[in-house]
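Coordinate inspection notes
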Amino acid sequence: MRRDLVLGGWRDLGTVGLVAGLCGAYAAVLVTASSLLQALADASGGGAAGVLLAVVATVFVLVAVYVSAVVIVNAVDTVVAGRLRQVALLRLLGARGRALRGSVMRASGVVGTVGAALGAVLGVAATDAFRVVLVARGTLPRADYPVTSPWVLAPVAVVGVTALAAGWVGSRGVLRVSPAQAMSSAEAAAPPTSVSGRWRLLVTALLGVGGALLLALSAAVAEGGSAAGFLLAFAGSASAGTGLLVGARFVIPALVVAAGRILGGSPPSRIARRTAVADRLRTTRSTMGLVIGVTLVTTFASGVRALQTAVHSWSDLGAGQRAQAEAVLTTTTVILVAIVVISSVISAVGFVSTMSLTVIQRRREIGLLRALGFTARQVRSMVARESAALAGTAVAFGLVLGVLFGSLGAQSLVGGQTDGFVWGLPWPVLGAVAAAALGLVLVAALPPSRRAVSVAPVDALRVER
Amino acid sequence: MPTAPHQHPSSAPARPDAATGRDAVIAFRGVTRDYGEGTGLVRALDAVTVDVEPGRFTAVMGPSGSGKSTFMNVAAGLDDPTGGEVWLAGRPLHALDDDGRTLVRRDHVGFVFQAFNLVPTLTARENVLLPFELAGRRVTAEVRERVDGLLTSLGLVDRAEHLPSALSGGQQQRVAIARALASDPQVVIADEPTGNLDTRSSREVLALLRAAVDDYGQTILMVTHDPVAASHADRILVLADGRVVADHGRLQPAEIADLLVTLEVGAA
Ligand SMILES: Nc1ncnc2c1ncn2[C@@H]1O[C@H](COP(=O)(O)OP(=O)(O)OP(=O)(O)O)[C@@H](O)[C@H]1O
Ligand SMILES: [Mg+2]
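Parameters at a glance
Residues numbered from 1 in each chain as written. Chains lettered and ligands numbered in written order. Predicted model: local features only at pLDDT ≥ 70, side-chain atom pairs only at ≥ 80, totals over all residues. Domains from an automatic or database assignment. Helix = DSSP H or I, 4+ residues; strand = E, 2+ residues; numbered from the N terminus. Nonpolar A, V, L, I, M, F, W, Y, C, P; charged D, E, K, R; others polar. Axes fitted to C-alpha atoms, helices over the stretch in contact; angles between N-to-C directions. Parallel < 35°, antiparallel > 145°, perpendicular 65-115°, else oblique. Left-handed = near helix turned anticlockwise from the far one by under 90°. Contact = placed C-beta atoms within 7 Å. Pairing = 2+ DSSP bridges. pLDDT = per-residue confidence, 0-100. Near = placed C-beta within 6 Å.

A common way to report how large an interface is uses the accessible area buried once the components associate. Residues and elements named next belong to chain A. Under the domain assignment used here, chain A contains domain 1 (1-182) and domain 2 (247-458). Computed over C-alpha atoms, the centres of domain 1 and domain 2 are 23 Å apart. Mapped by element, the contributors of at least two residues to the side of domain 1 that touches domain 2 are helix H1 (14-43) and helix H2 (48-81). No other element matches the 13 residues that H2 contributes to the side of domain 1 that touches domain 2. Residue composition of the side of domain 1 that touches domain 2, grouped by class: 14 nonpolar, five polar and one charged.

All names here are of chain A. Put simply, helix H12 (residues 319-361) and helix H15 (residues 427-454) touch, their axes get as near as 9 Å, and they point 20° apart. The angle between H12 and H15 falls in the class roughly parallel. For the pair H12 and H15, the sense of crossing is right-handed. For the pair formed by H12 and H15, the contact residues are Val337, Ala348, Phe351, Val352, Met355, Ser356, Val359 and Ile360 on the first element and Val429, Leu440, Val443, Ala444, Ala445, Pro447, Pro448, Ser449 and Ala452 on the second. For the contact of H12 with H15, the per-class residue count stands at 15 nonpolar, two polar and no charged.

Between chain A and chain B, the contact holds 27 residues from the first and 26 residues from the second. Of all the elements in the fold, those that place two or more residues in the side of chain A that touches chain B are helix H10 (267-276), helix H13 (363-372) and helix H16 (457-461) of chain A. The element contributing the most residues to the side of chain A that touches chain B is H13(A), with seven residues. Of the residues that constitute the side of chain A that touches chain B, the class distribution is 18 nonpolar, four polar and five charged.

Here the focus is the sheet that holds strand E4 (residues 83-88) of chain B. All names here are of chain B. Within the open sheet, the four strands sit side by side as E2-E1-E4-E5. Their pairing is antiparallel. For this open sheet the edge positions go to strand E2 (42-52) and strand E5 (91-92), each flanked by a neighbour on one side alone. Judged from the seven bridges that link them, strand E1 (residues 26-35) and E2 form a sheet pairing that is antiparallel. Counterpart to Val31 in the pairing with E2 is Val48. Across the sheet, helix H2 (residues 68-75) touches E1, E2 and E4, and the angle it forms with E2 is around 55°.

Right, let's talk about the confidence of the model for chain A for a bit. Mean pLDDT for chain A: 84, with 92% of residues reaching 70 or above. Below a pLDDT of 50 lies the segment residues 185-190 of chain A, which in the model reaches 14 contacts outside its immediate sequence neighbourhood of four places, other chains included.

Our next topic: the sheet that holds strand E8 (residues 220-223) of chain B. Within a sheet, each strand pairs with its neighbour through backbone hydrogen bonds, oriented either parallel or antiparallel. Residues and elements named next belong to chain B. Spatially, the six strands line up as an open sheet ordered E6-E7-E8-E3-E9-E10, and their pairing is mixed. Whereas interior strands pair on both sides, the edge strands pair on one side only; in this sheet they are strand E6 (109-112) and strand E10 (243-248). The sheet shows a mean angle of 20° between the axes of neighbouring strands, direction not considered. Note that strand E7 (residues 187-191) and E8 share four bridges and pair parallel.

Looking now at the environment of A:Ala310. Residues and elements named next belong to chain A. Structurally, Ala310 can be placed in helix H11 (residues 280-313). With 114 residues separating them along the chain, Ala310 and Gly424 place their C-alpha atoms 9.4 Å apart. Dropping the residues within four chain positions of it, Ala310 is found in contact with Ala410, Val414, Gln417, Thr418 and Val422.

Residue and element names in this part refer to chain B. Around ligand 1, the structure places Tyr35, Gly36, Val42, Ala44, Gly62, Ser64, Gly65, Ser66, Gly67, Lys68, Ser69 and Thr70. Broken down by secondary-structure element, the contributors of at least two residues to the shell around ligand 1 are E2 and H2. Residue composition of the shell around ligand 1, grouped by class: three nonpolar, eight polar and one charged.

Laid out in structure tokens, this is it:
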């Protein structure tokens, strides 16, 4: 089965390749950097640092892979959703649903693997170039550094397999198409509304409530000075976080609906709001990565800021010591944020691509709206509102979660040494995230909506079959 | 033109606005619409001059590719003429920019297309009310009553809160007609509104359009290939190669079929 029967060509899978490439490059940088640090540690006699680094790097890479998987599933699903009529026609002509789905899956896997490999090559090259510069400047000692570690192949393979699996999950829509749809005049099939789920809901509630209780308990325990607080906080965050991932399809659309009400009741707002949640799974997938990414960034920034505030309040430290501690913590923030920001980048890429694709797929609807009296401005503002309802909600939710997790984490570490609960509010980071979110909303909305209104309504409405 | 000009009160004036503001909802003055350039040039409308009077049901017929859709799109301000003047409700569409034409469409035109008529994320009732909201008009009790009346007479009351994806093709088409009629526009433009319907649904739709003309004085301009559909109209315009080649009053289906055949033979 030729791939391009369902998908138009490699361009359709551009997002898959780009996301896989980013993920591969990121993993390669982390793996190569740890192998450098390991070499440094070996040169100076210590050995244990390497294991810890490998564990930390693995965790971060897995988070990035997870976010990439969500984004790839969504990218494939969106492309397939735009080609349901074509799929229906192929089915009518005798193609088997499974075979078509298999071709989509293989294409996604191939593009993902190639993207990850290219990204990894770039990541290794960039890290080594950086090392050469640092050694030349004398920042790093001269030593026998490896180019990279053989382990770099692992994330490439993992990303490739993930893209394959994500292609399979994302192409589920192909099986829902009946050959008869090729002949029906209805434009798009109704999106699946019932999202399976009493069990999912139950698990979500248990994990979420349990996590919240654990977190509250950890704060209280730590206030008493017990070291068990950190373990409790870790367990609580893990439980609440898992609950959110499992239940994202309930939580996120509900939040988007609530946020959408702020937009008001004008026709552009109402259509924007409805479109934002027309397909709950797509809504969830296109914003979940943003929630995860922003939560990670904010958690670290907020946690460190809470520690800083705590340090600031400790009067028994000398001024010099305090300044030094704060400088170390600031550097830590920068490094941590730089390491975890990748999830936000990957999900932003995914968000822009989903928005553009869905706007392009809706050109007939937009032509109809223009015929009925929507001005070009109203169409652009409608798409921007949809983008804002989605990305704005995700980012705001991530910020809230991050501040909660970060402050609770800091509390569990140093709660005993501070008076009451210390909120970590890293304003520069929060401001930067909000500004980036605004940029994302506009970048995702304006180019496709401008393209959509540049087409005359007659052309947009023309029946193409 | 092979047939006598239609019996409208004023013959084409040099400056149409004085006349069009009063007698014609839509006035074409030497309207040309070209597609493509050079050797690939297609003249979809060729110097068309015609008036559409208010309160009447006008059918537009003609062979495939004769320019019917182009005629409707230009009349509705969806498409720009290459040359000539188009007046709608006294406004010069040819002289307006995109936003200006959008506002004329919004305030004065009701649309029924052959397919894909409804906004997929709005319920049937919301689709019907959309033109009111777009025009910033209050949805008064009177409007609600009118809309309910329309939905009832179209057999859609128990379907009013459904999304278009849950409606059959004929039901979607009827919702579109309710929307076009609900805002009481200057003219309803319908391009093959019964093209996708079975005989019974299409008879219902035509009866409804006819009733809107008779009961409310609605102006309707409709493209159709079906002589039976055209027999509901007060006036039948026939296009061929971008020109109006026939212009008749009310005719029986058989007469219309004969007319079309004669014209095709004459053209061949
Ligand atoms: N966008 C376009 N580009 C080039 N040519 C066009 C375009 N739209 C219409 N035409 C041409 O203009 C002519 C008139 O087309 P139009 O769609 O108005 O015909 P029609 O009478 O509505 O036909 P049908 O009954 O098949 O719908 C045709 O020759 C068509 O090929
Ligand atoms: Mg046509």
